[in-house]
Amino acid sequence: EWPQTGRLALYLLGLRATCPPPDPSSQRSLVTWLKHHLEEDWAGSRRHGHPLTSYYQYSLGVLALCVHRKRVREEVIRRLLEAEHHHKFRHAGGSAVDTEAVTVLAFTCLERERLVRSRLVAELRSARRRVRRRMVEEQHPDGFFGNVYSTPWAMQVFIASNMCQMQTVYGQAMAALLKNLDAFTTTATMAQVLPVLHGRSYLDITSMRCQEEPDTLTPISPEPLPEMLGTMMVQLVVECPLPGCPQHRLYDQLVPAPAGASLLDVLRAAAAQEPHNFTFDIQETPQGPFLISVLGLEAQQQKRNYWQLLTDPSTSLQMGVAEYRPRDGDTIILRLSKW
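An unreviewed UniProt entry lists the protein under the name Transcobalamin-2, with Indicator maculatus as the source organism. The UniProt entry for the protein carries this comment under Subunit (unreviewed entry): "Interacts with CD320 (via LDL-receptor class A domains)." Word for word, the UniProt comment on the protein under Sequence similarities (unreviewed entry) is "Belongs to the eukaryotic cobalamin transport proteins family."

Structure representation (structure tokens):
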């Protein structure tokens, strides 16, 4: 089985944030498992020079351990330092904002909690400065760092370094977020954006005083989306430019769907229409449904490929299949890509 580094790290972060009961025995077991997954994550793919899962999950594991004030081996930290220095976080989409941001948060936490030797501190600070500089230089005109989902991670970097008030880019990113809050519809994505809206980062979890935390959590019922009448037409294209694919363009059809339907609804409509030659599979994740197979071609983590969602000609979608809502006349491209 593949290491569950990222999932376990997110669980431990959430557990710490919810102020668990004083008995630490169950947490110790989870922390031990996370340390084990970190080692398995790297050792399982040592010959490739990168974690078995991804640098994002690997960094998330280091961050979770630090928030719980647990030391990690210096070799683990140096793997991330080397990856950042040699720009190994980049993937086919061209952006690595979320991975870089999680790594910098981990570095900041390690220094702040004094969990690293003094000779490493200068290297961690240099890496943090490089990443922050790249984020400022590469901010999009719309205010986002990377995309709508990676932007809260980047903003946490500025918050954790006490630089958010000094950076105009932070204000631009906040304005962009406030205009696109409807993109954060799952528990996992809400957990990324809520701390930022309150001027906090995940590092604030470390210093929480649980005895002073009021129990103010109350369930809410989301308002239903307004019903839209009519039908829209979406051009659905499937591309496979990778070696071993039978041809570059595998599917190109006009698909009718109800106006206001999600991309997932469009895929279902394509699968239902004659001659039933379109197929796809999804996997449920904490971030919502994830497209894992189209026309029988699976996105495989061990091959480091994924189904990239784009609008014509090559603009990556800012949302997942369940959140994105195409408009009438749009062309949607599903492209099997490397990361």
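(A) A look at the nonpolar core. Leu-63, Ile-77, Leu-110, Met-135 and Phe-145 are the most contacted members of the largest nonpolar core, which has 69 residues in total. Leu-236, Leu-263, Leu-291 and Leu-336 belong to the second largest nonpolar core, which has 28 residues in total.

(B) The arrangement of the sheet that holds strand 5 (residues 297-298) in detail. Here we have three strands laid out as an open sheet, ordered 3-4-5, and antiparallel in their pairing. If you trace the sheet from one side to the other, it starts and ends with strand 3 (280-285) and strand 5, each paired once. Examined bridge by bridge, strand 3 and strand 4 (residues 288-294) share six bridges and lie antiparallel to one another. Looking across to strand 4, one finds that Asp-281 is bridged to Ser-293. Along the sheet face, helix 10 (residues 263-272) touches strand 3 and strand 4 and points at about 150 degrees away from the line of strand 3.

(C) Representation of the state of the cysteines in the model. Scanning the entire structure with this criterion turns up two disulfides. Two residues, Cys-66 and Cys-109, share a disulfide whose sulfurs are 2.1 Å apart. Taking the torsion about the sulfur-sulfur bond, which here is approximately -100 degrees, the covalent link between Cys-66 and Cys-109 counts as left-handed. Pair noted here: Cys-66 is in helix 3 (residues 55-67) and Cys-109 is in helix 5 (residues 97-112), with a separation of 43 residues, a long-range link. Just as Cys-66 is buried, Cys-109 falls in that class too. Between the sulfur atoms of Cys-240 and its disulfide mate Cys-245 the distance is 1.5 Å. As far as the burial class goes, Cys-240 and Cys-245 line up, both buried.

(D) Spotlight on a nonpolar patch on the surface. A surface patch of nonpolar side chains, amounting to about 410 Å² of accessible area, comprises Leu-178, Leu-181, Met-190, Leu-194 and Leu-197. For the nonpolar patch, the element with the highest residue contribution is helix 9 (residues 187-197), accounting for three residues. Its location among the elements puts Leu-181 in the loop between helix 8 (168-179) and helix 9. You can call Leu-181 partly exposed: its relative accessible area is 34%.

(E) A look at the sheet that holds strand 6 (residues 305-311). What the five strands build is an open sheet, ordered 2-1-8-6-7; its pairing is mixed. Looking at which strands have only one partner, the edges of the open sheet turn out to be strand 2 (249-258) and strand 7 (315-316). With two bridges connecting them, strand 6 and strand 7 associate as antiparallel partners. Residue pairing for strand 7: Thr-311 is matched across the bridge by Thr-315. The sheet contacts of helix 10 involve strand 1 (231-239), strand 2, strand 6 and strand 8 (331-338), and relative to strand 2 the element is tilted by about 110 degrees.

(F) Layout of the packing of aromatic side chains. Counted by the stated rule, this structure contains nine aromatic pairs. Centre to centre, the rings of Tyr-149 and Phe-184 are 5.6 Å apart; their planes meet at 80 degrees, and the pair counts as edge-to-face. With Tyr-149 in the loop between helix 6 (118-137) and helix 7 (151-160) and Phe-184 in the loop between helix 8 and helix 9, this pair connects stretches of sequence that are 35 residues apart. For Tyr-149, a relative accessible area of 17% gives the class buried. Three or more aromatic residues joined by ring pairs form one cluster here, namely Trp-42, Tyr-55, Tyr-58 and Phe-89.

The rules behind each value
- Residues numbered from 1 in each chain as written.
- Predicted model: local features only at pLDDT ≥ 70, side-chain atom pairs only at ≥ 80, totals over all residues.
- Heavy atoms only, no water.
- UniProt positions renumbered as here; feature names shortened; annotations may be inferred.
- Core = buried A, V, L, I, M, F, W, Y, C linked by side-chain atoms within 4.5 Å.
- Buried < 20%, exposed > 50% of the residue type's maximum accessible area, 1.4 Å probe, protein only.
- Pairing = 2+ DSSP bridges.
- Helix = DSSP H or I, 4+ residues; strand = E, 2+ residues; numbered from the N terminus.
- Contact = heavy atoms within 4.5 Å.
- Axes fitted to C-alpha atoms, helices over the stretch in contact; angles between N-to-C directions.
- Disulfide = S-S within 2.5 Å.
- Patch = residues over 30% accessible without salt bridge, like charges linked within 9 Å, V, L, I, M, F, W, Y side chains within 5 Å.
- Areas by Shrake-Rupley, 256 points an atom, 1.4 Å probe, with all protein chains shown as cover.
- Salt bridge = Lys/Arg side-chain N within 4 Å of Asp/Glu carboxyl O.
- Phe/Tyr/Trp six-rings, centres within 6.5 Å; stacked < 30°, edge-to-face > 60°.

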